[in-house]
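Commentary on secondary and tertiary structure
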Amino acid sequence: MKVPAESKPSSFEAIFAAYAVVATFALGYGYWRLATRQNEQDAKIEQQRQEQQAAVTRLQREADDKRATDDLEIQVISLASPHLSKLRESGREAATSQRIVSAAAELLSSKGRPALAQMAEKIRVETAPITRSGTRTAVEEPVASMSPQAWLVLLATLPGEDLKLAEEVATEKLRAAKDLGTVSTVSIYKTRLKGRYVVVLGDPVGRSAALVAAAEARRNKLSADAFAEPDGGWELIGTAPFPTETRSASSN
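Residues numbered from 1 in each chain as written. Predicted model: local features only at pLDDT ≥ 70, side-chain atom pairs only at ≥ 80, totals over all residues. Heavy atoms only, no water.

**Thoughts on the overall build of the chain**
Of the regular secondary structure elements, the chain holds seven helices and five strands. Shown N-terminal to C-terminal, the secondary structure of the chain runs as helices and strands in the order α-α-α-α-β-α-β-β-α-β-β-α. Put simply, the chain has 252 residues, and 27% of those count as buried. For the chain, long-range pairs separated by at least 24 residues make up 69% of all intrachain contacts whose partners lie at least 6 apart in sequence. Roughly 17500 Å² of accessible area belongs to the chain as shown, and the carbon and sulfur atoms make up 56% of that amount. (Helix = DSSP H or I, 4+ residues; strand = E, 2+ residues; numbered from the N terminus. Buried < 20%, exposed > 50% of the residue type's maximum accessible area, 1.4 Å probe, protein only. Contact = heavy atoms within 4.5 Å. Areas by Shrake-Rupley, 256 points an atom, 1.4 Å probe, with all protein chains shown as cover.)

Written as C-alpha coordinates, this is what we have:
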(Lines give C-alpha, C1' and ligand atoms only; values in the text may rest on other atoms or scores of the structure.)
Protein backbone atom coordinates (compact mmCIF):
# COMPACT_ATOMS: atom_id res chain seq x y z
CA MET A 1 0.00 0.00 0.00
CA LYS A 2 1.40 3.37 -0.98
CA VAL A 3 1.69 6.22 1.51
CA PRO A 4 0.03 9.40 0.31
CA ALA A 5 2.52 11.98 -0.99
CA GLU A 6 1.21 14.74 1.25
CA SER A 7 2.01 12.72 4.39
CA LYS A 8 5.74 12.61 3.63
CA PRO A 9 7.70 15.62 5.05
CA SER A 10 9.54 17.57 2.45
CA SER A 11 13.26 18.30 2.74
CA PHE A 12 12.46 21.97 3.51
CA GLU A 13 10.23 20.99 6.40
CA ALA A 14 12.92 18.64 7.77
CA ILE A 15 15.55 21.39 7.58
CA PHE A 16 13.21 23.89 9.23
CA ALA A 17 12.41 21.44 12.03
CA ALA A 18 16.11 20.77 12.62
CA TYR A 19 16.83 24.52 12.64
CA ALA A 20 14.03 25.07 15.14
CA VAL A 21 15.52 22.42 17.43
CA VAL A 22 19.00 23.90 17.16
CA ALA A 23 17.72 27.47 17.69
CA THR A 24 15.73 26.40 20.73
CA PHE A 25 18.79 24.69 22.19
CA ALA A 26 20.98 27.71 21.44
CA LEU A 27 18.49 30.09 23.07
CA GLY A 28 18.17 27.84 26.10
CA TYR A 29 21.94 27.51 26.44
CA GLY A 30 22.40 31.26 26.04
CA TYR A 31 19.80 31.96 28.69
CA TRP A 32 21.47 29.45 31.02
CA ARG A 33 24.89 31.05 30.49
CA LEU A 34 23.42 34.52 31.09
CA ALA A 35 21.70 33.38 34.27
CA THR A 36 24.91 31.69 35.46
CA ARG A 37 26.97 34.85 34.85
CA GLN A 38 24.35 36.96 36.59
CA ASN A 39 24.40 34.63 39.58
CA GLU A 40 28.21 34.72 39.69
CA GLN A 41 28.17 38.53 39.48
CA ASP A 42 25.56 38.74 42.24
CA ALA A 43 27.67 36.42 44.38
CA LYS A 44 30.77 38.61 43.84
CA ILE A 45 28.82 41.75 44.67
CA GLU A 46 27.44 40.13 47.81
CA GLN A 47 30.93 38.99 48.83
CA GLN A 48 32.33 42.49 48.29
CA ARG A 49 29.47 43.94 50.31
CA GLN A 50 30.12 41.53 53.14
CA GLU A 51 33.85 42.32 53.08
CA GLN A 52 33.16 46.05 53.15
CA GLN A 53 30.66 45.61 55.96
CA ALA A 54 33.19 43.55 57.89
CA ALA A 55 35.86 46.22 57.36
CA VAL A 56 33.50 48.97 58.53
CA THR A 57 32.51 46.89 61.55
CA ARG A 58 36.16 46.25 62.38
CA LEU A 59 37.04 49.95 62.12
CA GLN A 60 34.02 50.87 64.24
CA ARG A 61 35.00 48.27 66.84
CA GLU A 62 38.58 49.57 66.93
CA ALA A 63 37.32 53.15 67.31
CA ASP A 64 34.96 52.07 70.11
CA ASP A 65 37.79 50.20 71.84
CA LYS A 66 40.07 53.23 71.59
CA ARG A 67 37.37 55.53 72.93
CA ALA A 68 36.62 53.11 75.77
CA THR A 69 40.32 52.99 76.64
CA ASP A 70 40.44 56.80 76.55
CA ASP A 71 37.49 57.00 78.93
CA LEU A 72 39.07 54.42 81.21
CA GLU A 73 42.31 56.39 81.28
CA ILE A 74 40.46 59.59 82.13
CA GLN A 75 38.57 57.91 84.97
CA VAL A 76 41.65 56.19 86.39
CA ILE A 77 43.75 59.38 86.25
CA SER A 78 40.91 61.33 87.87
CA LEU A 79 40.81 58.80 90.73
CA ALA A 80 44.59 58.65 91.14
CA SER A 81 45.35 62.37 90.78
CA PRO A 82 44.51 63.26 94.45
CA HIS A 83 47.12 60.72 95.56
CA LEU A 84 49.96 62.00 93.36
CA SER A 85 50.91 64.76 95.78
CA LYS A 86 51.42 62.17 98.54
CA LEU A 87 54.13 60.39 96.57
CA ARG A 88 56.55 62.87 98.14
CA GLU A 89 55.41 62.12 101.69
CA SER A 90 55.99 59.27 104.12
CA GLY A 91 53.74 57.48 106.52
CA ARG A 92 50.87 55.01 106.42
CA GLU A 93 48.51 57.25 104.44
CA ALA A 94 51.26 58.12 101.96
CA ALA A 95 52.08 54.42 101.52
CA THR A 96 48.42 53.71 100.74
CA SER A 97 48.38 56.51 98.16
CA GLN A 98 51.57 55.17 96.61
CA ARG A 99 50.02 51.72 96.25
CA ILE A 100 46.90 53.23 94.65
CA VAL A 101 48.99 55.19 92.14
CA SER A 102 51.15 52.17 91.36
CA ALA A 103 48.10 49.96 90.77
CA ALA A 104 46.47 52.59 88.56
CA ALA A 105 49.68 53.11 86.59
CA GLU A 106 50.09 49.35 86.12
CA LEU A 107 46.50 49.03 84.89
CA LEU A 108 46.91 51.82 82.33
CA SER A 109 50.31 50.53 81.22
CA SER A 110 48.74 47.15 80.48
CA LYS A 111 46.33 49.00 78.17
CA GLY A 112 49.21 50.69 76.37
CA ARG A 113 48.76 54.01 78.22
CA PRO A 114 51.98 54.77 80.17
CA ALA A 115 51.20 58.45 80.90
CA LEU A 116 50.34 57.94 84.58
CA ALA A 117 53.38 55.74 85.17
CA GLN A 118 55.63 58.34 83.56
CA MET A 119 54.02 61.10 85.61
CA ALA A 120 54.51 59.17 88.87
CA GLU A 121 58.09 58.32 87.98
CA LYS A 122 58.79 61.96 87.18
CA ILE A 123 57.43 63.01 90.60
CA ARG A 124 59.62 60.43 92.33
CA VAL A 125 62.71 61.54 90.40
CA GLU A 126 62.10 65.20 91.15
CA THR A 127 61.73 64.49 94.87
CA ALA A 128 64.75 62.15 95.09
CA PRO A 129 67.59 63.47 97.33
CA ILE A 130 70.39 65.18 95.41
CA THR A 131 74.00 65.18 96.64
CA ARG A 132 76.50 67.96 96.09
CA SER A 133 78.90 65.87 94.02
CA GLY A 134 77.29 66.74 90.72
CA THR A 135 74.45 64.25 91.02
CA ARG A 136 71.95 67.04 90.29
CA THR A 137 72.98 67.19 86.65
CA ALA A 138 72.61 63.42 86.30
CA VAL A 139 69.09 63.59 87.73
CA GLU A 140 67.93 66.61 85.74
CA GLU A 141 68.88 65.16 82.36
CA PRO A 142 66.37 62.22 82.49
CA VAL A 143 63.69 64.61 83.71
CA ALA A 144 64.30 66.90 80.75
CA SER A 145 64.21 63.96 78.35
CA MET A 146 60.82 62.92 79.78
CA SER A 147 59.17 66.26 78.99
CA PRO A 148 55.65 65.43 77.75
CA GLN A 149 54.80 65.89 74.11
CA ALA A 150 52.28 68.59 73.27
CA TRP A 151 48.82 67.30 72.35
CA LEU A 152 45.94 69.03 70.58
CA VAL A 153 42.18 68.59 70.86
CA LEU A 154 40.73 68.28 67.34
CA LEU A 155 37.13 69.32 66.78
CA ALA A 156 37.01 68.99 62.97
CA THR A 157 39.17 67.99 60.00
CA LEU A 158 38.61 69.81 56.69
CA PRO A 159 40.06 69.78 53.16
CA GLY A 160 43.31 71.68 52.75
CA GLU A 161 42.09 73.70 49.77
CA ASP A 162 39.17 75.42 51.49
CA LEU A 163 40.48 77.84 54.14
CA LYS A 164 37.26 79.85 54.15
CA LEU A 165 35.28 76.76 55.20
CA ALA A 166 37.77 76.05 57.97
CA GLU A 167 37.44 79.63 59.21
CA GLU A 168 33.64 79.40 59.24
CA VAL A 169 33.74 76.11 61.18
CA ALA A 170 36.28 77.50 63.68
CA THR A 171 34.19 80.64 64.26
CA GLU A 172 31.07 78.53 64.76
CA LYS A 173 32.88 76.23 67.24
CA LEU A 174 34.10 79.27 69.19
CA ARG A 175 30.55 80.63 69.35
CA ALA A 176 29.26 77.24 70.56
CA ALA A 177 32.01 77.05 73.20
CA LYS A 178 31.08 80.50 74.51
CA ASP A 179 27.42 79.49 74.65
CA LEU A 180 28.44 76.54 76.84
CA GLY A 181 30.29 78.90 79.14
CA THR A 182 33.70 77.57 78.10
CA VAL A 183 36.35 80.27 77.94
CA SER A 184 38.81 78.90 75.44
CA THR A 185 40.47 79.58 72.10
CA VAL A 186 39.66 77.88 68.83
CA SER A 187 42.45 77.81 66.25
CA ILE A 188 43.17 76.44 62.79
CA TYR A 189 46.25 74.35 62.07
CA LYS A 190 47.44 72.82 58.80
CA THR A 191 48.85 69.30 58.92
CA ARG A 192 52.15 68.48 57.29
CA LEU A 193 51.59 65.10 55.63
CA LYS A 194 48.11 65.42 54.13
CA GLY A 195 47.90 69.22 54.11
CA ARG A 196 44.49 69.34 55.76
CA TYR A 197 43.02 72.04 57.97
CA VAL A 198 42.13 71.00 61.52
CA VAL A 199 40.04 73.00 63.99
CA VAL A 200 41.67 72.82 67.43
CA LEU A 201 40.17 73.60 70.83
CA GLY A 202 42.43 75.47 73.26
CA ASP A 203 46.22 75.49 73.36
CA PRO A 204 48.66 72.55 73.16
CA VAL A 205 48.59 70.63 76.45
CA GLY A 206 49.74 67.32 77.87
CA ARG A 207 48.23 64.03 76.79
CA SER A 208 46.06 63.49 79.85
CA ALA A 209 44.68 67.04 79.77
CA ALA A 210 43.96 66.69 76.04
CA LEU A 211 42.04 63.43 76.59
CA VAL A 212 39.97 65.04 79.33
CA ALA A 213 39.22 68.10 77.15
CA ALA A 214 38.23 65.89 74.19
CA ALA A 215 35.88 63.87 76.40
CA GLU A 216 34.29 67.06 77.73
CA ALA A 217 33.85 68.38 74.17
CA ARG A 218 32.04 65.18 73.19
CA ARG A 219 29.94 65.20 76.36
CA ASN A 220 28.94 68.85 75.85
CA LYS A 221 28.14 68.08 72.18
CA LEU A 222 30.65 70.68 71.03
CA SER A 223 31.92 68.01 68.63
CA ALA A 224 30.69 64.42 68.54
CA ASP A 225 34.02 63.29 67.03
CA ALA A 226 36.40 65.33 69.18
CA PHE A 227 39.65 63.49 69.88
CA ALA A 228 43.19 64.17 71.10
CA GLU A 229 46.23 63.84 68.87
CA PRO A 230 49.93 64.67 69.27
CA ASP A 231 51.09 67.94 67.74
CA GLY A 232 53.04 66.93 64.66
CA GLY A 233 54.68 70.32 64.25
CA TRP A 234 51.64 71.60 62.39
CA GLU A 235 51.45 75.16 61.09
CA LEU A 236 49.22 77.54 63.05
CA ILE A 237 47.04 79.38 60.52
CA GLY A 238 45.05 81.63 62.84
CA THR A 239 42.71 81.92 65.80
CA ALA A 240 38.93 82.43 65.71
CA PRO A 241 36.86 84.51 65.29
CA PHE A 242 37.55 85.05 61.61
CA PRO A 243 35.83 87.68 59.43
CA THR A 244 32.87 86.33 57.45
CA GLU A 245 31.90 87.10 53.87
CA THR A 246 29.13 89.43 55.07
CA ARG A 247 31.52 91.50 57.15
CA SER A 248 34.08 91.76 54.38
CA ALA A 249 31.41 92.82 51.86
CA SER A 250 30.03 95.51 54.18
CA SER A 251 33.50 96.83 54.89
CA ASN A 252 34.11 97.25 51.16
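Here the narrative resumes, following the displayed structure.
**What about the packing of helix α1 (residues 11-84) against helix α2 (residues 92-110)?**
The relative placement of two packed helices comes down to the angle between their axes together with the axis-to-axis distance. Contact geometry for α1 and α2: axes closest at 9 Å, N-to-C directions at 160°. Taken together, the axes of α1 and α2 lie roughly antiparallel to each other. When the axes of α1 and α2 are compared, the crossing they make is left-handed. Mapping the contact onto sequence places Leu-72, Glu-73, Val-76, Ile-77, Ala-80, His-83 and Leu-84 in α1 and Ser-97, Ile-100, Val-101, Ala-104, Leu-107 and Leu-108 in α2. Grouping the constituent residues of the contact of α1 with α2 by class yields ten nonpolar, two polar and one charged. (Axes fitted to C-alpha atoms, helices over the stretch in contact; angles between N-to-C directions. Parallel < 35°, antiparallel > 145°, perpendicular 65-115°, else oblique. Left-handed = near helix turned anticlockwise from the far one by under 90°. Nonpolar A, V, L, I, M, F, W, Y, C, P; charged D, E, K, R; others polar.)

**Thoughts on a nonpolar patch on the surface**
Side chains of Phe-25, Tyr-29 and Trp-32 sit close together on the surface and give an oily, nonpolar patch of about 400 Å² of accessible area. Checked against the element boundaries, Trp-32 lands in helix α1. Note on Trp-32: relative accessible area 49%, which makes it partly exposed. (Patch = residues over 30% accessible without salt bridge, like charges linked within 9 Å, V, L, I, M, F, W, Y side chains within 5 Å. Salt bridge = Lys/Arg side-chain N within 4 Å of Asp/Glu carboxyl O.)

**Here's the deal with the environment of Phe-227**
For Phe-227, the position within the fold is in strand β4 (residues 227-230). On the basis of relative accessibility, which here comes to 32%, the residue Phe-227 falls in the partly exposed class. In this structure the C-alpha to C-alpha distance between Phe-227 and Ala-217, which are ten residues apart in sequence, comes to 8.7 Å. Setting aside chain neighbours within four positions, we find Phe-227 in contact with Leu-152, Val-153, Leu-154, Ala-214 and Arg-218.

**Focus on the sheet that holds strand β5 (residues 235-239)**
With respect to topology, five strands assemble into an open sheet ordered β4-β1-β3-β2-β5, the strand pairing being antiparallel. Both edges of this open sheet fall to β4 and β5, since each of them pairs with a single strand only. Averaged over all pairs of adjacent strands, the angle between their axes in this sheet comes to 45°, without regard to strand direction. Bridge count between strand β2 (residues 186-190) and strand β3 (residues 197-205): five bridges; the pairing is antiparallel. (Pairing = 2+ DSSP bridges.)

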